[in-house]
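Read off the chains here:
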Amino acid sequence: RVRRPQQFLMHFWHIPWPAWDIFRACPQRAELLEGLLANDLMVFQHPRHAEHFLECVERELGAQVDREGGLVEHDGGVTAVEAFPISVDFAALSARAGGADTERWMARFRRRHRLEGKLVAVGVDRLDYTKGIPERMRALGRLFQRFPRYRGRLVFIQKCAPSRTQIKAYRDLQGRVEAEVDRLNAAYGTRDWQPVVYLPRPLPPAGMAALYRMADLCLVSSLQDGMNLVAKEYVACQVDRSGVLLLSELAGAHDELSAALPINPYDAGGTAETMVRALEMPAEEKAERMEQLRAFIAVRDIYRWMTDHLHAARELLASRSARRWAADHLEEIRAHIMERDHLAVLLDFDGTLAPIVPTPEQAALPEAAGAILARLARLPGVTVGIISGRALADIESRVGLRGLVYAGNHGLEMAGDGWTWVHPQAAAAREAIGAISAALRARLRSVPGVMVEDKGLTASIHYRLTPHAYVAAVRGAVDDEIERYGRLRVREGKKVLELSPATEWHKGAAVRWILERMGGEAWSDACAVVYAGDDRTDEDVFRVLPADAVTICVGCAPRTSAARYAARDPAAVGAFLAGLLAWLEVSAGGRPSARGAR
């Protein structure tokens with residue numbers, strides 16, 4: 001990423017991504033996450049794995065996570081996070097399974113391993129500790145022990161491919177599996193019947209297709225698997241629709257292949273019972289289940305998986321080309337400003353002027369940004385306003401500059417030199433806001449990291465420091481209290497739930513009110529507008545301003561914002577304002593000096 005900052009990078013993570021409580025044991029977890037977030041697109045097998053990844057980057061790096069949109073904003077970059085389950089070439093596998101070479105291999109297996117008249121079960125795996133092969137052998141032993149009628153009738157073929165044999169743990173696993181096979185054959189085998197056939201050598205594609213096609217059941221007993229393509233290969237090769245898939249609940253494929261019979265690989269007895277159910281299932285049910293599985297994989301094959309990646313990449317590349325950094329378009333912005341007699345520079349505070357911090361009281365206006373705002377406000381014809389979700393008194397004291405317009409509580413209360421205004425519905429809801437704030441403080445007292453902020457006309461429930469496992473409880477409590485009190489609504493911001501009166505008033509309406517006060521109903525003809533914000537509530541402003549307004553989304557993913565321009569972070573906003581100020585001060589001598597009252 002450092003060497004090729006403009007290169008589009010995408011990464012598919014094949015194995016499961018662990019939950020935070022497991023991942024946190026990794027000493028290099030921060031470096032690993034930082035590296036992966038250099039990608040524009042991160043793809044996982046399963047939505048659960050994507051959710052785990054989002055929680056990890058949020059907890060470890062403090063990244064801004066939009067779970068609904070699947071986006072991570074961190075260190076000036078945006079990474080899209082998706083889940084595209086991998087699949088197989090269904091058409092090719094199905095065609096091979098129905099071919100003459102495969103039928104010759106089926107006949108060869110039947111002769112060599114004396115399979116005529118026998119029921120056949122198959123397991124196909126790399127010799128890997130995640131595949132649950134010893135657990136499978138334990139279940140097979142339980143089957144022969146508890147259901148002796150299958151002795152002499154059922155042959156289990158275990159196809160294994162040695163894996164990572166240079167690692168002792170893998171060599172030990174191979175020895176353990178081979179010992180289990182020998183034990184079962186010694187315990188239950190007869191002169192005419194071998195319960196377990198162990199195949200460690202490679203087979204050609206037709207040989208593999210033959211195993212899958214002839215198997216009355218396929219046993220996938222993974223202890224942990226991102227997907228497990230053996231399950232899908234088996235289905236693709238079941239051209240006769242006579243087999244049954246037994247699939248571990250711990251494999252990613254489990255949620256996709258709902259017509260398979262689920263098993264818990266740690267439950268040997270339960271797995272044995274499910275094997276019996278599969279072997280004794282009526283032919284009609286077998287065919288119906290297999291047809292459902294085949295129809296699903298035929299549509300969601302490997303080419304669909306590839307297409308999903310390319311479509312996501314295309315969308316992100318299109319949004320990247322549409323991203324217009326404000327700093328790169330100063331001439332265009334200056335031309336817009338020159339067309340008007342007045343200029344309004346309106347800015348959000350948290351995340352726009354001031355960096356996001358763990359708790360609201362820690363936020364502070366950078367000294368350099370304050371100096372720029374003060375100088376802008378002194379220029380003739382320029383109005384500077386701060387539009388914040390904070391209470392009016394809070395934002396006034398935090399910025400501390402005279403001559404500005406301040407809008408607090410998302411514009412429900414505003415003030416300028418010599419005037420103040422409060423939305424009537426907000427004033428009427430003050431008592432309800434106080435009551436619900438008190439109720440939520442009591443209810444959420446035991447939830448770590450939650451802070452309930454009563455701002456008079458609105459309330460904010462901050463959960464930036466709350467462990468992810470508790471966030472759903474916070475949202476549930478807020479929803480319950482909203483339903484109880486009525487006349488209030490809730491909106492989600494960055495790690496905060498905003499409670500406000502149930503009115504159509506929002507930041508966008510407040511900005512229009514300010515502009516109309518400044519320039520009358522025809523303000524759009526006389527006034528150029530610059531507005532910068534970083535939150536979902538700022539989207540209301542982006543949408544209500546004219547198409548030629550200079551709207552800047554700070555740290556936002558462009559595909560989710562209605563803003564014309566983007567800025568990476570508050571530092572980029574400060575640099576943009578500095579450039580704007582320098583140009584305005586140079587050009588002030590030739591500009592009109594009566595740009596509306598502040």
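Before going into details, it helps to say that this report is about the structure given with it. (Residues numbered from 1 in each chain as written. Predicted model: local features only at pLDDT ≥ 70, side-chain atom pairs only at ≥ 80, totals over all residues. Heavy atoms only, no water.)

A few words on the sheet that holds strand β12 (residues 342-347). Pairing is mixed across the open sheet formed by eight strands, whose spatial order is β16-β15-β14-β13-β12-β21-β22-β23. The open sheet has two free edges, formed respectively by β16 (419-422) and β23 (565-567), since each of these has just one partner strand. Going from strand to strand, the sheet's axes swing by 15 degrees on average, the running direction of each strand aside. Relative to strand β13 (residues 382-387), β12 runs parallel, the two being bridged by five bridges. Note on β13: the bridge partner recorded for L347 is I386. The strands touched by helix α13 (residues 330-338) are β12, β21 (527-533), β22 (550-554) and β23; relative to β21, the strand with the most contacts, the crossing angle is about 140 degrees. (Pairing = 2+ DSSP bridges. Helix = DSSP H or I, 4+ residues; strand = E, 2+ residues; numbered from the N terminus. Axes fitted to C-alpha atoms, helices over the stretch in contact; angles between N-to-C directions. Contact = heavy atoms within 4.5 Å.)

Here we take up the packing of helix α8 (residues 205-214) against helix α9 (residues 229-237). How two helices pack is summed up by the angle between their axes together with the distance between the axes. Their axes nearest at 8 Å, the elements α8 and α9 cross at an angle of 80 degrees. If you check the angle between α8 and α9, you find them roughly perpendicular. Taking contact as the criterion, the partners of A209, Y212 and R213 in α8 are, on α9, V230, E233, Y234 and C237. Across the contact of α8 with α9, the residue classes tally to five nonpolar, no polar and two charged. (Parallel < 35°, antiparallel > 145°, perpendicular 65-115°, else oblique. Nonpolar A, V, L, I, M, F, W, Y, C, P; charged D, E, K, R; others polar.)

Strand order in the open sheet made by the four strands is β17-β18-β20-β19, with antiparallel pairing throughout. The open sheet has two free edges, formed respectively by β17 (451-454) and β19 (488-493), since each of these has just one partner strand. Neighbour to neighbour, the strand axes of the sheet diverge by 20 degrees on average, direction disregarded. Sheet topology note: the β19/strand β20 (residues 496-501) ladder contains six bridges and is antiparallel. Considered in β20, the bridge of R489 is made with S500.

Quantified by volume, the largest pocket comes out at close to 1,000 Å³. Looking at the largest pocket, it is lined by 44 residues, and the ones nearest its centre are H14, R126, T130, K131 and D225. For the lining of the largest pocket, the secondary structure elements donating two or more residues are α1 (20-23), α3 (47-61), α4 (90-97), β6 (119-126), β7 (154-161), α8 and α9. In terms of residue count, α8 provides more of the lining of the largest pocket than any other element does, four residues in total. (1 Å grid on protein atoms, 1.4 Å probe; cavity = no way out; pocket = protein on both sides within 12 Å on 5 of 7 lines; lining within 4 Å. Points joined across faces, edges and corners; volume = space filled by probe spheres on them.)

So, on to helix α10 (residues 268-279). Across its 12 residues, α10 extends 17 Å between first and last C-alpha, which sits within 8% of the 16 Å expected from 1.5 Å per residue. The element α10 is extensively covered by neighbouring structure, given that 10 of its 12 residues are classed as buried. Every buried residue of α10 is accounted for by A268, G269, G270, T271, A272, T274, M275, V276, A278 and L279. (Expected span 1.5 Å × (residues − 1). Buried < 20%, exposed > 50% of the residue type's maximum accessible area, 1.4 Å probe, protein only.)

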